[in-house]
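Chain by chain, the residues:
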Amino acid sequence: MPTHPAEMAAEVARNVADLLAQFRHKPECPYSRDVEEALFVARELQSRAAELQTPSERHQQCELDRMIQSPSDKATLTQLTDQAFRSQLPHRAADQMIHILDVQGVPRFFSTLDRTLLKGFQSFGSYLPGVAMPFVKEKMQHETANVILPAEDELLRDHLTARRAAGLRMNVNFLGESLLGEREAQRRLENYLLALQRPELEVLSVKISTIYSQISALAREHTVGVLCDRWELLLRAAMKHPFVRGDGSSVTKMVYLDMEEYRDMALTAETFMRTLDRPALTNARAGIALQAYLPDSFAVQQRITAWARQRLASGGEPVTIRIVKGANMEMERVEASLRGWPQAPFCEKIETDANYHRMLQFGMERENLTAVRLGIASHNLFTLAYGLVLAAKQDALGSVQFEMLEGMANHQRRALFDLTKNVLLYAPACRQEDFINAIGYLVRRLDENTGAENFLRHAFRLTVDSPEWQELARGFGESFGRIDGLPEVPSRDQKRGGLSVVRGPLSVAELHATDHGLRTTDPFHSEPDTDWSLTHNGQWAETILADWRRRCDAHATEVPLVVAGEEITDRPLNTSTDPSRPDVVVARYRQATLEDVERAVACARADAAQWRKLSHQERTAILDRVAEVIGNRRGDLLGAMLAEGGKLLPESDSEVSEGIDFCRYYARSAAEFFELVELSPRGKGVVVVVAPWNFPLAIPCGGIAAGLAAGNTVILKPASDTVLIAHALCECFWSAGVPRTALQFVPCSGGTVGQMLVTHAGVDAVILTGGMGTQERGRSPPGDRPCGAQGGRWPSSGWPCTRDRRRTGRDPSRRTGSGRTRRW
């Protein structure tokens, strides 16, 4: 067998040429010649793989088949790995595992011995958990050792050395928990640097989330700068410690940047190119993984390729792009569902396959292959065969490498290696004490391997020309017909900053003349938050910051009172400051007097604009318009909350979405009551909304929307620290058609004038979010109330706080504290 790289490449080329020489075109085949040849090569690979399959692999096939036939067993296995091993306390872990086995039963796909051991654990494991749980975990790690390598020094060294002796190349990925701080990030970085010093390690894969804990799409430049500095350290270490392959050739070690979640895609690509542009890294070997299930990946591939061609022209080394299908589909689906965003990956697997083949075709163009070597990463023999055919046609077998997962369908890997002599195995590794960190990887692999359309699901029992083979071959061939229709733009196209068309406010007469009968039956949909992973939304955020940096001190906004429909500007001014810069004034506002309160309550009771007499359809139409206005003024509202409330943009962004939801939801909720034939609902009359400072937009918006939707007139008393934000919110209501007499804006001191307002005899209900002391003062006896008030009319059911609503389906990480829900 040849050992020199050139001799080996020549032998591989001859092997592939000899195989393709056996191909015979079938006139009835509906596909192109390249695709037909790939189908032929895949048949040969599968036939050879069947000959190479070992008894233990056939046993694994039987277990997998049994699990596929019983979805409940798959769920049980997922629960066992995801729940029972998370606790570090043996008795807690044992209790959880026994509970799962009691409820779900022992999975039937296990062998007889394993089922017996699990039943024994179910009966006796709780008596000696300190002995039983380590035994179970050790057996679990042993059973998965073919998929997840042990990261202990000697064990890992022995495995990598054995693989090198067999001619296989290895790409090691050290699994670890999510970063929570920079101390852990530094420790992870140091471990990577130590790993690159190991003589038996050639290729290392890292994710940007494992070397920096404070990644933020909103701090894009800072984030990329830090990531570049840290990835440069890894590349320098790789260049410093060459690797000797099994054939005796010495090469520079290689570092891959792996893609993870969609939100990190743009940052990863930017980090990859910017770092390699640094002068000291001209000769670095580096690669990046692109996920074909993302429509965006093709555009990123084109961008990196154009950059790499310039790098090559300037004397730099070629780079590698590893094309994968994508392994985080379920996580992407969950995030899209929770956030109300379109799913980032393709919705159909055939589209993912088509995009993969499109990316292969582009990458195989001769002028591109010189600058970007391809990693063809897949376990789908049809896809691998297609890459092999294209590479042979371009005489570029030396510029591509075939990549597979360690421990997955080894018989097919052996067949591919026999033909190409060029296989790189992606090998996750973790230490026994950190085995919990492998759970996420195991669950993803389990889900992927059992997907109905996934090649790996059929890999162990697949035979040429079987019904499964024919179905997989048909899907492969048909994917090429989808290529021309594939989008070249992201699935997520949300673009903040541009104004949609918002109709102006309607007069009462116009409302009466308009048919709004269908508006209340429109389904409720939660408003999506801003997708900050999109580059243009990050640029929009920069414009918000630039705008609000100058709106302070001498340029600070002056906020009037709005009482009885009039703006009052002749009261003494108070200042509102930036919480992060207490000496910077962001607004100047007035506070109401006792006389202003009397006038506001009188106006609210008189209801000069006849808000109470509008039909619920008319009020729904206006509140829908309010939701539109809030959406269009999102940037200004975010800026106000940043400047006056000290809230980060993602925090305040969810408040804006929540406010939009309140307007739509409360209008429809009220309409449901008004349309019940057995009821005759009516508003209470005058509602005072007392808002807090910590959620200065969402909570007052919910109170205002609820009060208005029910046919009440509303007086808003904002927190003194966030008057600017509350006024900006009220402007949205007024601009959409809510009369200034139906919604009045009355900032005032909570301890004096504010107490008079909430205890005023003319006030029928108060929506309060505040402390118990504030509540008790509001419920004080009549004799203790200022100005001889005869007692406010408080709701008999207690305080109608906006947080009393049912929380269903809301992403906990986005809950602002005010009780916003996703579905109602």
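Parameters at a glance
Residues numbered from 1 in each chain as written. Predicted model: local features only at pLDDT ≥ 70, side-chain atom pairs only at ≥ 80, totals over all residues. Heavy atoms only, no water. Axes fitted to C-alpha atoms, helices over the stretch in contact; angles between N-to-C directions. Helix = DSSP H or I, 4+ residues; strand = E, 2+ residues; numbered from the N terminus. Parallel < 35°, antiparallel > 145°, perpendicular 65-115°, else oblique. Left-handed = near helix turned anticlockwise from the far one by under 90°. Contact = heavy atoms within 4.5 Å. Nonpolar A, V, L, I, M, F, W, Y, C, P; charged D, E, K, R; others polar. Expected span 1.5 Å × (residues − 1). Buried < 20%, exposed > 50% of the residue type's maximum accessible area, 1.4 Å probe, protein only. Core = buried A, V, L, I, M, F, W, Y, C linked by side-chain atoms within 4.5 Å. Pairing = 2+ DSSP bridges. Patch = residues over 30% accessible without salt bridge, like charges linked within 9 Å, V, L, I, M, F, W, Y side chains within 5 Å. Areas by Shrake-Rupley, 256 points an atom, 1.4 Å probe, with all protein chains shown as cover. Salt bridge = Lys/Arg side-chain N within 4 Å of Asp/Glu carboxyl O.

Some points on the packing of helix α25 (residues 634-645) against helix α26 (residues 649-674)
Working step 1: Two numbers describe how α25 lies on α26: the axes approach to 9 Å, and their chain directions differ by 130°. The orientation of α25 with respect to α26, classified from their angle, is oblique. Of the two elements, α25 crosses α26, and the hand of that crossing is right-handed. Listed contacts from α26 to R634, L637, L638, M641 and L642 of α25 are L649, S652, D653, E655, V656, S657 and I660.
Working step 2: For the contact of α25 with α26, the per-class residue count stands at seven nonpolar, two polar and three charged.

A closer look at helix α28 (residues 723-735)
Working step 1: Over its 13 residues, α28 extends 18 Å from the first C-alpha to the last, a length consistent with the 18 Å expected when each residue adds 1.5 Å.
Working step 2: All of the buried residues along α28 are V723, L724, I725, A726, H727, A728, L729, C730, C732, F733 and W734.
Working step 3: Downstream of α28 by a residue or two, G737 has a phi angle that is positive, lying close to 120°.

What about the nonpolar core?
Grouped burial of nonpolar side chains is what soluble globular proteins tend to show.
Working step 1: If you look at the biggest cluster of nonpolar residues, it comprises 113 residues, and the most contacted ones within it are V41, F174, W231, F272, L276 and F382.
Working step 2: Apart from the residues within four sequence positions on either side, W231 is in contact with V206, I211, V255, L257, T271, F272, T275, L276 and A286.
Working step 3: Within the second largest apolar cluster, 61 residues are counted, among which are V586, I622, A640 and A765.

Details of the sheet that holds strand β15 (residues 573-578)
Working step 1: Pairing in this open sheet of three strands is mixed, and the strands run β12-β16-β15 from one edge to the other. Two strands lie at the open edges of the sheet, namely β12 (557-559) and β15, each paired on one side alone. With direction set aside, neighbouring strand axes in the sheet form an average angle of 40°.
Working step 2: Bridge count for β15 against strand β16 (residues 581-590) is six bridges, and the pairing is antiparallel. Residue pairing in the sheet places L573 in a bridge with R590 of β16.

Quick look at a nonpolar patch on the surface
Working step 1: On the surface, F673, L676 and L679 cluster together into a nonpolar patch covering about 270 Å² of accessible area.
Working step 2: Mapping L679 onto the fold places it in the loop between α26 and β17 (686-690).

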